[in-house]
Structure formats: structure tokens, C-alpha cells
Amino acid sequence: KAGVTQTPRYLIKTRGQQVTLSCSPISGHRSVSWYQQTPGQGLQFLFEYFSETQRNKGNFPGRFSGRQFSNSRSEMNVSTLELGDSALYLCASSLARLGIEQFFGPGTRLTVL
Amino acid sequence: GQQVMQIPQYQHVQEGEDFTTYCNSSTTLSNIQWYKQRPGGHPVFLIQLVKSGEVKKQKRLTFQFGEAKKNSSLHITATQTTDVGTYFCAGAYSGAGSYQLTFGKGTKLSVIP
């Protein structure tokens, strides 16, 4: 079974731009969660999608948004990029809702200049 | 919001020595999960603890969940160089139909051969 895939793997943007990251979960997994990982703050939960609906949201500004499609693939969008948005963005999928084993993708490394 | 404190932040051990990392939550958890992230890699699920006082073993790894379901520990016996990485705990909180997973900041383990 293929693992979680994320595209692109690396991205360089400038302040003020927007970016869209993509995540394809493991086949059959319906829950997709997004995390931001930085050396200073560690792994921070952004949001969780299940059955195309956002079920949980972390403490991030509205510039961070996401969606999930009927095939469970998910996208995350960050608008008006700031330098502090530079991070590794990880997507994780699980069979059911949060609270059970999550399978992480390799991440997208975003650098904002 | 919910917080999970994890200590120590770093641990350097000689190969063959034991290692322990601790997680503490200010509020009762539904369950706690443990993940390992190798350098340059993504978090990989190790185990989930659900019951109060639960103890689970995986070869040289022993996981414990406190009686009050507020703290947890991971103990590695006789560390090996393959144990190198960052170990994260993730506390799951549920309430009012919502679920949240909060990661500790991790303990980075270095093993000196």
C-alpha cells in the first residue's frame, strides 16, 4: 500500500505570496490532518479534515486554510505569506478521526524569503 | 489551549545506557500516542496508550500511561545507535464532539557509539 504523498517537496516563495500544498492520504484513509513543524515551536496542529469537512482546527490565523476532496485528497493554502511561515508542513492520514494512529507524509519544506 | 510538556529536550547517552523521556499534560487525556522522527525524516507512529496505568512493551521500549491519564513515559533499555532521533508524545483530548491532538516538543536522543 502506498504511503502518504505530499507535493511539492520543496517550495520557495516571497513574502506576500500565497501557496497551495497537496496531500494524498493512504488509500482508504478518510482523515487528513496538517501540521507545521519548526525548530522553535515543534509540531503544531493546523487542522483536520474528515469526509470533506473540517473537524478540528488549531490555533493558527485565518491565512491558513484547507479543504478535502471526495477522494480524501487534501490541500492546504497559506495566503499573504510571512517570513515566520517558513517551516516543514506535514500531512498525516488515518483511517478514522484523530486520536488513532496517524501516518505522516514526507512533508513540504516551505521557505519564505 | 491544551499543552503537553515533554522533558528533557535533549539527551545524550553512551550506547548501551538507558534513556527515558517524560510527558505531562495539565488536563486528562483521552489517550496518548508516541512517535519517532529520524533526522531528516517524518514522524512514525510507535504506540498508543488508552487505559489508565497502561504499560506496553515493544522489544527494548517500554511505554507507560499514568493512573490519572495526565502523564506518560517512554523508556529505552540499552540504547543502540539505531535509536537516534526525536521522540514525540502526542496527547489526545476530546470534548464537546471535538478532538484535538497536541504534540510535545520532543526529546532529541543522541547515542554515542
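Refer to the structure presented above.
Our subject in this report is the structure included herewith. As the structure is a computational prediction, the values presented were derived from the model and not from experiment.

Digging into the packing of aromatic side chains
Tallying each qualifying case throughout the model produces 12 aromatic pairs over all chains. A centroid spacing of 5.6 Å and a plane angle of 75° characterise the contact between F47 of chain A and Y49 of chain A, whose relative ring orientation is edge-to-face. Both residues of the pair, F47 of chain A and Y49 of chain A, belong to the buried class. Look at Y35 of chain B and F103 of chain B: their rings are 5.5 Å apart centre to centre, the planes differ by 45°, and that puts the pair in the tilted class. Highlighted residues: Y35 of chain B in strand β4 (residues 31–37) and F103 of chain B in strand β10 (residues 98–103), separated in sequence by 68 residues. Taking relative accessible area as the criterion, Y35 of chain B reaches 0% and is therefore assigned buried. By relative accessible area, which is 7% here, F103 of chain B ends up buried. Taken together, the ring pairs in this structure connect Y35, F45 and F104 of chain A together with Y35, F45, F88 and F103 of chain B into an aromatic cluster.

Regarding the pairing of strand β3 (residues 19–25) of chain B
Residue and element names in this part refer to chain B. In terms of burial, β3 is a largely internal element, five of the seven residues being buried. Pairing geometry for strand β1 (residues 4–7) and β3, over four bridges, is antiparallel. Across the sheet, residue M5 finds its bridge partner in β3, namely N24. Pairing geometry for β3 and strand β8 (residues 71–76), over six bridges, is antiparallel. For Y22, the partnering residue across the bridge sits in β8 and is S73.

Structural notes on the interface of chain B and chain A
Taken together, the contact pairs 16 residues of chain B with 19 residues of chain A. The junction of chain B with chain A conceals about 1500 Å² of combined surface from both sides, 54% of it contributed by carbon and sulfur atoms. Applying the counting criterion to the chain B and chain A interface returns zero salt bridges. For the interface between chain B and chain A, the tally reads four residue pairs in polar contact (both at pLDDT 80 or more). Elements with a minimum of two residues in the side of chain B that touches chain A: β4, β5 (44–49), β9 (85–95) and β10 of chain B. Partitioning the side of chain B that touches chain A into residue classes produces eight nonpolar, seven polar and one charged.

Things to note about the state of the cysteines
Residue and element names in this part refer to chain A. Within this structure, the stated rule accounts for two disulfides over all chains. Disulfide pairing places C23 opposite C91 at an S-S distance of 1.7 Å. Measuring the twist about the S-S bond at about -45°, one finds the C23-C91 disulfide to be left-handed. Separated by 68 residues along the polypeptide, C23 in strand β3 (residues 19–24) and C91 in strand β9 (residues 87–94) bring together distant segments of the chain. When sorted by exposure, C23 lands in the same class as C91, which is buried.

Some thoughts on the pattern of salt bridges
All names here are of chain A. Counted by the stated rule, this structure contains six salt bridges over all chains. Taking the shortest distance from any N to any O, the salt bridge between R63 and D85 comes out at 2.8 Å. Of this pair, R63 sits in the loop between β6 (53–57) and β7 (64–68) while D85 sits in the loop between β8 (74–78) and β9, and the two are 22 residues apart along the sequence. The pair R63 / D85 is uniform in exposure class, with both members buried. Among the salt bridges present, the one from R73 reaches E75, with a minimum N-O distance of 3.4 Å. Salt bridges sharing partners connect three or more residues here, namely R63, E82 and D85.

Overview of the nonpolar core
Within the largest apolar cluster, 21 residues are counted, with the highest numbers of intra-cluster contacts made by W34, L46, F64, M76 and Y89 of chain A. The contacts of M76 of chain A, once residues within four sequence positions are left out, are V19, T20, L21, W34, L46, F47, F64, S65, G66 and Y89 of chain A.

Conventions we followed
- Residues numbered from 1 in each chain as written.
- Chains lettered and ligands numbered in written order.
- Predicted model: local features only at pLDDT ≥ 70, side-chain atom pairs only at ≥ 80, totals over all residues.
- Heavy atoms only, no water.
- Phe/Tyr/Trp six-rings, centres within 6.5 Å; stacked < 30°, edge-to-face > 60°.
- Buried < 20%, exposed > 50% of the residue type's maximum accessible area, 1.4 Å probe, protein only.
- Helix = DSSP H or I, 4+ residues; strand = E, 2+ residues; numbered from the N terminus.
- Pairing = 2+ DSSP bridges.
- Contact = heavy atoms within 4.5 Å.
- Buried area = accessible area lost by both parts, 1.4 Å probe.
- Salt bridge = Lys/Arg side-chain N within 4 Å of Asp/Glu carboxyl O.
- Polar contact = N/O pair within 3.5 Å; in protein donor to acceptor, adjacent residues only side chain to side chain.
- Nonpolar A, V, L, I, M, F, W, Y, C, P; charged D, E, K, R; others polar.
- Disulfide = S-S within 2.5 Å.
- Core = buried A, V, L, I, M, F, W, Y, C linked by side-chain atoms within 4.5 Å.

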